[in-house]
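# Fold and geometry: a report
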Amino acid sequence: MTYFSTDFTLGILGGGQLGKMLLAETLKYDIRTAVLDPSADAPARFGCQRFEQGDLLDYDTVYQFGKKVNLLTFEIENVNVDALEQLEKEGVTVYPTPKSLRTIQDKGLQKDFYKKHNIPTAPFEYFSSPTLLNESLIQGKWSYPFVWKSTRFGYDGNGVKIVRNDKDLASLPQGDCIAEEYASITKELAVIVARNAKGETVTYPVVEMEFHPEANQVEYVLCPARIPQTISERAQKIALQVAQSFESIGLLAVELFLTQTGEIWVNEVAPRPHNSGHYSIEASYTNQFEQHLRAILNLPLGSPKSKVAGVMVNLVGEEGYTGDVLYKHIEEVLALEGVTPHIYGKRQTRPFRKMGHITIVHPNIEIARIIAQKVKETIRVIAKK
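The structure reproduced in this document is the subject of the present report. (Residues numbered from 1 in each chain as written. Predicted model: local features only at pLDDT ≥ 70, side-chain atom pairs only at ≥ 80, totals over all residues. Heavy atoms only, no water.)

Here the focus is the overall build of the chain. Within the chain one finds 12 helices and 21 strands. Relative to the 2.2 N^0.38 estimate, which gives 21 Å for 385 residues, the radius of gyration of the chain is 21 Å and therefore close to what a compact globule would have. For the chain, the spread of C-alpha atoms along the principal axes amounts to about 65 × 55 × 50 Å. Here the chain holds 385 residues, and 56% of them are scored as buried. Within the chain, counting contacts between residues at least 6 apart in sequence, those at least 24 apart form 63% of the total. (Helix = DSSP H or I, 4+ residues; strand = E, 2+ residues; numbered from the N terminus. Rg over C-alpha atoms; globule rule 2.2 N^0.38 Å. Buried < 20%, exposed > 50% of the residue type's maximum accessible area, 1.4 Å probe, protein only. Contact = heavy atoms within 4.5 Å.)

Pairing is antiparallel in the open sheet, where three strands are placed in the order 19-17-21. Edge positions in the sheet fall to strand 19 (348-349) and strand 21 (380-383), since each of these pairs with one other strand and no more. Relative to strand 19, strand 17 (residues 323-328) runs antiparallel, the two sharing two bridges. Bridge pairing in strand 19 links Gly 323 to Thr 349. (Pairing = 2+ DSSP bridges.)

All right, on to helix 5 (residues 107-116) then. Among the residues of helix 5, Lys 107, Gly 108, Gln 110, Lys 111, Phe 113 and Tyr 114 are the ones counted as buried. Of the surrounding elements, those touching the buried residues of helix 5 are helix 4 (98-105), strand 6 (124-127), strand 7 (146-150), strand 9 (177-181), helix 8 (229-246) and strand 15 (264-270). With a side-chain oxygen positioned 2.8 Å from the backbone nitrogen of Gly 108, the residue opening helix 5 is Asp 106. (Polar contact = N/O pair within 3.5 Å; in protein donor to acceptor, adjacent residues only side chain to side chain.)

Along helix 2 (residues 59-66), the residues classified as buried are Val 62, Tyr 63, Phe 65 and Gly 66. The buried residues of helix 2 all sit within an arc of 165 degrees when viewed along its axis, so they share a single face. For helix 2, the capping residue at the N-terminal end is Asp 58, with a side-chain oxygen 3.4 Å from the backbone nitrogen of Asp 60. (Arc of directions from axis to C-beta.)

Mapped onto the elements of the fold, Lys 67 is located in the loop between helix 2 and strand 4 (71-74). Relative accessible area serves as the criterion here: at 40%, Lys 67 is assigned to the partly exposed category. Residues Lys 67 and Lys 89, 22 residues apart in the sequence, show an inter-C-alpha distance of 12 Å. Not counting chain neighbours up to four residues away, the residues in contact with Lys 67 comprise Leu 87 and Glu 90. There is a polar contact of 2.7 Å between the side chain of Lys 67 and the side chain of Glu 90.

This part takes up the packing of helix 4 against helix 5. Packing of helix 4 against helix 5 brings their axes to within 5 Å, and their N-to-C directions diverge by 105 degrees. When the interaxial angle is binned, helix 4 and helix 5 end up roughly perpendicular. Facing helix 4, whose interface residues are Arg 102, Thr 103, Ile 104 and Gln 105, helix 5 presents Lys 107, Leu 109, Gln 110 and Phe 113. For the contact of helix 4 with helix 5, a count of residues per class yields three nonpolar, three polar and two charged. (Axes fitted to C-alpha atoms, helices over the stretch in contact; angles between N-to-C directions. Parallel < 35°, antiparallel > 145°, perpendicular 65-115°, else oblique. Nonpolar A, V, L, I, M, F, W, Y, C, P; charged D, E, K, R; others polar.)

Here we come to the packing of aromatic side chains. Within the structure shown, the criterion is met by eight aromatic pairs. Ring centres of Tyr 3 and Phe 8 lie 4.8 Å apart, and the angle between their planes is 75 degrees; on these two criteria the pair is classed as edge-to-face. Of the two residues, Tyr 3 and Phe 8, neither departs from the other in class, the shared state being buried. With a centroid separation of 5.7 Å and 90 degrees between ring planes, the pair formed by Phe 4 and Tyr 29 is classed as edge-to-face. (Phe/Tyr/Trp six-rings, centres within 6.5 Å; stacked < 30°, edge-to-face > 60°.)

The biggest cluster of nonpolar side chains holds 24 residues, and the ones touching the most others in it are Val 242, Leu 256, Val 266 and Val 269. Broken down by secondary-structure element, the contributors of at least two residues to this core are helix 5, strand 10 (185-195), helix 8, strand 14 (250-259) and strand 15. Considering each element in turn, this core owes the most residues, seven residues, to helix 8. Counting 22 residues, the second-largest nonpolar core is a separate cluster that includes Leu 10, Met 21, Leu 71 and Leu 297. (Core = buried A, V, L, I, M, F, W, Y, C linked by side-chain atoms within 4.5 Å.)

See the structure below:
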């Protein structure tokens, strides 16, 4: 099929920042696009040929949108999989596949998948409610601390909590969940794997993620990760095993824990471009968004190698501010060498809302990290008075 400068239409479910950055690559290739998003102010609304407003979890909305495109992809996991499966039966190509998405949407199914395929992950147990989890604690089968995860609709740190005592347990919402062994973690890592329908794969370098202690959001992503080569090779091997087990088409971001005992555990995966790959826009030969496009269109995959070391700083809304956004001191940040801001186009800020990111490139990763710290301490994402 010919994709370039034709009537071929790529449909994208979700018009957030990931969709916006993916559209930069479709515009580069002159590929027609249609975007569906619940918000009339979605960041991706300006970069596509057709924008539709609608509920991504509504069967009819997703189905009718999908019938008007040639290939369907998504930038967020919370979409109606039943509609995707029906579209696939009727001949619409959907990548990543609905089968893999159905497993990934449910953290319980995801963990069972790892166990079935001998993929290393933290020991866990499924519970239909925190009440049954509490009974297991009383019986001595579990003890504090442990990690609680809602099986559905967790995102950006939501739906995950370290449970240290009875008070923490009592505050958990009802619903299906898993308890996971609390591990002493040395570093949190991630590896992005790209795979096309031909089975060709490429693996990006291992990145290191530093998290905000309260919001459980990524604050910094460093590439390359500051780990020994042997650990890096093992992490890439595990990530590739995960992608091949899912038979994923497109990008698969694999989040990993490096424990103090030297084990590498798969935490969870995302079948789409991912926060851990934003550095690649400036630092890689082929950025993650172009790579996702190449993979789902079954084109030759690009080189995932880095041209230079890169650090990404997340820009999130500052605590105590809600309203029309103001990026204070951004001019000072722009004056720094090797610094590139990405503003997502969200007019309203609120505490910890993802509003953009900044990439710092430098031949030396340690110097890049120092500049990133300066950027983080300088720029403020607040609301106008």
